[in-house]
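In case you want the letters, here they are:
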Amino acid sequence: MPHSRSRRRSRRRALRREAPSIVPVLADEAHFARMRRYDTFAFDDHGSYLRHLDGLLRGLRAGQVPARAVLFDPVDYALFCQERGLDADTADSRVNYVAEVAAGGTTVPYAGQPLGRLLPQLRDAHACRLTWQSGTEVLARAGACGRCGAEIGKAAFARAARALSAVLDAAGTGSHHLVASVAVPGSPLVSALDVRRSSQDALYAHESAALALTTALAAGFATGSHGGLVLRTEAESPPGTGGPAPRDVVRGWRLDPAECWLRPLTAAEVFAAYCTDPVTRDPVAPEPGVDHAPGRELPHPGGALHC
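Description of the structure in this document.

1. What to know about the packing of helix α6 (residues 115-141) against helix α8 (residues 207-223)
Two elements in contact, α6 and α8, have axes whose closest approach is 8 Å; the angle formed by their N-to-C orientations is 30 degrees. One finds that α6 runs roughly parallel with respect to α8. The way α6 lies across α8 gives a crossing that is left-handed. In this structure, α6 contributes C128, T131, W132, G135, T136, V138 and L139 to the contact, and α8 contributes S208, A209, L211, A212, T215, A216, A218, A219, A222 and T223. Grouping the amino acids of the contact of α6 with α8 by side-chain chemistry returns eleven nonpolar, six polar and no charged.

Put into structure tokens, the structure is as follows:
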């Protein structure tokens, strides 16, 4: 009998290792403060909460349980409960919300990274989700061409994917950071993407971030909005003995509403865009170790977005 119980426990542990865990995370003080209004929320201090969270994640990893973290947004959670008629002050409602968000793919795998790395990763994933949702709504509202009936949103997305591919081809090998900002009607869309291209021409990028940036560009093309794309290429080779240190290079493009394409900025325009506070419009001191270069001409795909 003891041997039989031991075998059952061993089988349950093996099954548990194949059942991933989704762990919700309140990444900042503001989100944590909103959750404290619920009587069923067990924590009073964000620091203590994070320590317990770190212990939970480490425990799952020690038990060989695959875990993914998801950002818990209390504002979005309240709307979720309101739309579905759920009591927000219950653990069951929070579990349902986490399952819904995780189903959208906006999770971050936990691989033992410290919270100092995990929390920014979660914020980035959440921002990608919001950009993708907003951009998708813009594309859905774009409708169809009045002359040929083609779906404008679909055509705009294909054009945006081609534009992003052209930028990455122009960037070449190395590590690149891209930021797109598009002034669509309502709320501007901002999206970032980190990409690495190997010397064998293999591309490494987070799929959801690439989708969000492509969607932001597509929304700009579909609505004829203004915007821009900035590409920063990191210096990779170590400084040689006695020689100058390698420098990052920043290039930029603007969205051309008439052509529905990306047009290169001059070096002076890149400098002005990179060294201006986006909120106050005040000048910002140039970052050391960075060169501002003109954007490269991208081959136009030909034709209009729709007839």
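2. A look at the pattern of salt bridges
Close approach of charged atoms lets side chains of opposite charge pair. Following the criterion strictly, the structure yields twelve salt bridges and no others. One salt bridge in this structure joins R84 and E83, with 3.5 Å as the shortest N-O distance. R84 gets classed as partly exposed once you look at its relative accessible area, which sits at 39%. For E83, a relative accessible area of 64% puts it in the exposed group. Among the ionic pairs, E287 bridges to R232, the shortest N-O distance being 2.9 Å.

3. Remarks on the side chain of D73
For D73, the location among the structural elements is in the loop between β2 (67-71) and α4 (74-84). In this structure, D73 is buried with no salt-bridge partner, the nearest side chain bearing the opposite charge being R129 at 6.5 Å.

4. Overview of the packing of helix α7 (residues 152-171) against α8
For any two helices packed against each other, one specifies the crossing angle of their axes together with the interaxial distance. Between α7 and α8, whose axes approach to 8 Å, the crossing angle comes to 120 degrees. Here α7 lies oblique to α8, going by the angle between them. For the crossing formed where α7 meets α8, the hand is right-handed. On α8, the residues that touch I152, A156, F157, R159, A160, A161, A163 and L164 of α7 are A210, L211, L213, T214, T215, L217, A218, F221 and A222.

5. Re the sheet that holds β2
Reading across from one edge, β1-β2-β3 is the order of the three strands in this open sheet, with mixed pairing throughout. Lying at the two open borders of the sheet, with one neighbouring strand each, are β1 (21-25) and β3 (108-109). As defined by bridge partners, β1 adjoins β2 across five bridges and the pair is classed as parallel. Looking at β2, one finds that S21 is bridged to A67. Packing against the sheet, helix α3 (residues 46-62) makes contact with β1 and β2, and its axis sits at approximately 165 degrees to β1.

6. Notes on the nonpolar core
V167, L178, L213, F221 and L262 are the most contacted members of the largest nonpolar core, which has 37 residues in total. Secondary-structure elements contributing two or more residues to this core are α6, α7, β4 (174-182), β5 (189-197), α8, β7 (227-233), β8 (248-256) and β9 (261-264). Setting aside its immediate chain neighbours within four residues, V167 contacts L178, L229, L231, W253, L262 and L298.

The rules behind these values
Once a new chain begins, its residue numbering starts again from 1 and follows that chain's sequence as written. Where totals are concerned, whole chains, interfaces and linings use all residues; where local detail is concerned, this predicted model gives features only for residues with pLDDT of at least 70, and gives and counts side-chain atom pairs only at 80 or more. To obtain the side-chain values, all non-hydrogen atoms of the structure were included, while hydrogens and water were left out. Each axis is a line fitted through C-alpha atoms, taken for helices only over the stretch in contact, and angles between the N-to-C directions span 0 to 180 degrees. Only runs of H or I of at least four residues qualify as helices and only runs of E of at least two qualify as strands under DSSP, and these elements are numbered from the N terminus. Every angle not falling under 35 degrees, over 145, or within 65 to 115 is termed oblique; those three ranges are roughly parallel, roughly antiparallel and roughly perpendicular. Crossing handedness is defined as follows: a turn of the near helix away from the far one that is anticlockwise and smaller than a right angle gives a left-handed crossing, while the clockwise case is right-handed. Only heavy atoms matter for contacts: two residues are in contact if any of them lie within 4.5 Å across the pair. Polarity classes work like this: nonpolar for Ala, Val, Leu, Ile, Met, Phe, Trp, Tyr, Cys and Pro, charged for Asp, Glu, Lys and Arg, and polar for all others, with Gly in that last group. Should a side-chain nitrogen of Lys or Arg be within 4 Å of a carboxyl oxygen of Asp or Glu, the pair is scored as a salt bridge. Throughout, exposure labels follow a simple rule: accessible area from a 1.4 Å probe, protein chains only, divided by the maximum for the residue type, with under 20% read as buried, over 50% as exposed, and the rest as partly exposed. Positive charges come from Lys and Arg, negative ones from Asp and Glu, while His and the chain ends are left out of the count. At least two bridges found by DSSP between two strands is the condition for calling them paired. The set of buried Ala, Val, Leu, Ile, Met, Phe, Trp, Tyr and Cys residues whose side-chain atoms join them within 4.5 Å is what this entry labels a nonpolar core.

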